Amino acid sequence: MRTCILADNQFITSEGLYSVLKSRGADIILRASKMTELQEKLRDTPDAIVILDYSLFDFSSMQQMLIVKAASPKSTWLLFSDEDIDDFFLRYVTATDPTISIVLKSDSRDEIAAAIDNAKYDIPYYSETVEHIIDSESAAEDTIDNPINLTASEKVILHEIAKGKTTKEIAYDKNLSFHTVNSHRKNIFRKLGVNNLHEAIKYAIRAGIFDVAEYYI
């Protein structure tokens, strides 16, 4: 089995995962307690299987985590999270990088073992609970499969919004009036049928208007 990097700072969970990894044939299990250690170990073993507790690790954002993973394209990632995992986190990660496996700490040993076994062969795995949350977003998926017709200007504004820029900043950068940018923003949200920035960003990524690699670390 490939080298595994266990990046979980919760003692009980870490020891439990270590035991399961050993039972599934893992010979070399490295540990990383912070992002810089994980990056260093990935440089040494770029094809490693990363077992990561996102909720307890020191990533500043989901985007930073995804960029670290993208820097090691041969690695395979399996995320563990608490039972109260944020729905947006699941939707965002699965939409941005569907190769990442996700299970919950509350899942059964069999599901955790199955996720590890799949990781050996680069096969994504979602636990039953995670799949249920993702499936509940089927309506949102349909919206992306049948893209809404945004104008060229609206796509530009959405791209800037996804980068985290305010209406005032976009107006300044694009030499537009505040009113014009604000009108575009309202039209974009209305057309997409969303009420917040998170949903707008999700659409922009899935529709190919915005690439997560453009986020500032």
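Heads up: the structure comes first, above all this text.
Chains are numbered independently. Their residues run from 1 in the order of the written sequence. The model is predicted, so local features are restricted to residues of pLDDT at least 70 and side-chain atom pairs to those at 80 or more, both for listing and for counting; the totals for chains, interfaces and linings are taken over all residues. Excluding hydrogens and water, the side-chain values take into account all heavy atoms of the structure.

A. Here's a closer look at the overall build of the protein. Along its length, the protein carries eleven helices and five strands. Only protein chains enter the accessibility calculation, which uses a 1.4 Å probe. A residue is then buried if its area is under 20% of the maximum for its type, exposed if over 50%, and partly exposed in between. Burial analysis of the protein (217 residues in total) assigns 47% to the buried set. Whether two residues are in contact is decided by their heavy atoms: any pair within 4.5 Å suffices. Within the protein, residue pairs in contact and separated by at least 24 positions form 66% of the contacts whose partners lie at least 6 positions apart. Per-residue and other accessible areas were derived by the Shrake-Rupley procedure at a 1.4 Å probe size, with only the shown protein chains allowed to occlude residues. Of the roughly 11100 Å² that the protein leaves accessible, carbon and sulfur atoms contribute 50%. Secondary structure elements are defined from DSSP: runs of H or I of at least 4 residues count as helices, runs of E of at least 2 residues count as strands, and each element is numbered from the N terminus.

B. Spatial organisation of helix H8 (residues 152-162). When H8 is considered as a whole, its buried residues turn out to be Glu-154, Ile-157, Leu-158, His-159, Glu-160, Ile-161 and Ala-162. Positioned one or two residues after H8, Gly-164 has a phi angle of 95°, which is positive.

C. How the structure looks around the pairing of strand E4 (residues 76-81). Of all six residues making up E4, six are buried, and the element is well covered by its neighbours. Neither face of E4 is exposed, since Thr-76, Leu-78 and Phe-80 on one face and Trp-77, Leu-79 and Ser-81 on the opposite face are all buried. Inspection of the sheet shows strand E3 (residues 49-53) paired to E4 by five bridges, in the parallel sense. Bridged to Ile-51 within E4 is Leu-78. Strands were regarded as paired on the criterion that DSSP finds at least two bridges between them. Here E4 pairs with strand E5 (residues 101-104) via four bridges, running parallel. What sits directly across from Leu-79, in E5, is Ile-102.

D. Quick peek at the side chain of Thr-13. By secondary structure assignment, the location of Thr-13 is in helix H1 (residues 11-23). Within the structure, Thr-13 has its side chain in polar contact with the side chain of Gln-10 (distance 2.5 Å). If near-sequence neighbours (up to four positions away) are discounted, Thr-13 is found in contact with Asp-8 and Lys-105. The definition of a polar contact used here is a pair of N or O atoms within 3.5 Å, where within protein one atom must be able to donate a hydrogen and the other to accept one, and adjacent residues in sequence count solely through side-chain atom pairs.

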